[in-house]
Amino acid sequence: WSHIDKTQLYTNGFIFNENSTKVLLGLKKRGLGCGFYNGFGGKVNPGETPADAALRELQEEAGISSNLAHAGTLLFTSAADPKLHHIEIYRGDDWSGEITESEEMRPEWFRVPSYARSGVIPTSAIKEWSDVPGEDGLRTVPFGQMWADDRFWFHLLVAKRPFIGRVDFGEPLVKGDLNSAPLLKW
Ligand code: 6OG
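Here the structure is a predicted model, which means the values were calculated and not measured.

As for the overall build of the protein
For the protein, the count of helices and strands is 4 helices and 9 strands. Each helix and strand of the protein, ordered N terminal to C terminal, gives the series β-β-β-α-β-β-β-α-α-β-α-β-β. The C-alpha radius of gyration computed for the protein amounts to 16 Å, which stays within 12% of the reference 16 Å derived for 186 residues, consistent with globular compactness. Structurally, the protein occupies a C-alpha span of about 50 × 40 × 30 Å along its principal axes.

Examining the nonpolar core
With 33 residues, the main nonpolar core has Val-23, Val-141, Phe-154 and Leu-157 as its most contacted residues. Those elements that provide at least two residues to this core are strand E1 (6–16), strand E2 (22–28), strand E4 (68–78), strand E5 (81–92), helix H3 (123–127), helix H4 (150–158) and strand E8 (163–169). Considering each element in turn, this core owes the most residues, 5 residues, to H4.

A word on the pairing of E4
When E4 meets E5, the two strands line up antiparallel, connected through 9 bridges. Paired with Phe-76 across the two strands is His-85, which belongs to E5. Taking the residues that link successive antiparallel strands as the turn, the E4-E5 hairpin has 2 residues. Judged from the 7 bridges that link them, E4 and E8 form a sheet pairing that is parallel.

Some thoughts on the site of the ligand
Taken together, 17 residues form the shell around the ligand, and within it Thr-11, Lys-28, Phe-76, Glu-104 and Asp-150 come nearest. Here a nitrogen atom of the ligand sits 3.2 Å away from a polar atom, N or O, in the side chain of Asn-38. Glu-104 places a polar side-chain atom, nitrogen or oxygen, 3.0 Å from an oxygen atom of the ligand. Contact with the protein chains covers 93% of the free accessible surface of the ligand, which is 530 Å². No other element matches the 3 residues that E1 contributes to the shell around the ligand. Considering only residue class, the shell around the ligand consists of 7 nonpolar, 5 polar and 5 charged.

Conventions we followed
- Residues numbered from 1 in each chain as written.
- Predicted model: local features only at pLDDT ≥ 70, side-chain atom pairs only at ≥ 80, totals over all residues.
- Heavy atoms only, no water.
- Helix = DSSP H or I, 4+ residues; strand = E, 2+ residues; numbered from the N terminus.
- Rg over C-alpha atoms; globule rule 2.2 N^0.38 Å.
- Core = buried A, V, L, I, M, F, W, Y, C linked by side-chain atoms within 4.5 Å.
- Buried < 20%, exposed > 50% of the residue type's maximum accessible area, 1.4 Å probe, protein only.
- Pairing = 2+ DSSP bridges.
- Near = heavy atom within 4 Å.
- Polar contact = N/O pair within 3.5 Å; in protein donor to acceptor, adjacent residues only side chain to side chain.
- Areas by Shrake-Rupley, 256 points an atom, 1.4 Å probe, with all protein chains shown as cover.
- Nonpolar A, V, L, I, M, F, W, Y, C, P; charged D, E, K, R; others polar.

Below, the structure written as structure tokens:
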């Protein structure tokens, strides 16, 4: 990974209900991660702290505020990108304002399934993920439609256990498209 010569700092924020049985995700409509569900976030601006940026992005992308708490740190590399992606992850257990779709994100509540509390998400659960809402009107967290590393740390986020992780992606299948890069190592 000697080709890595820059760092880009990002934030990513996940809002939970009281018992962490529901999580608010957004369908990314453009840019990096387009077509994937993720927390709300983006680049940290010069002069801004990651915590400031996390709150600003939540307001811009979902229309709400929250008392965000730092939850974890992720470092991503890609064989096709000289940038190290450094992502500070936040979680909020409350929110104020009205959840609103933006040009960047379409927010949706998802049910946190019991297997997402206990550990790494089994491949079978990802393959068998159903698009159909359950009796509660919610779909289950769509790990098959999220960045490939999320399944490894999501249970730590749910359990409020601080985490640091590093993720290495290979060459994208489609040049320039990090979304299609295979996950080499967690
Ligand atoms: P803008 O396009 O708004 O920010 N992000 C990633 N999240 C995960 N889970 N895995 C990755 O693997 C990611 N790369 C970037 C950080 C992009 C948003 O996407 C997150 C930001 O919240 C490579 O500038």
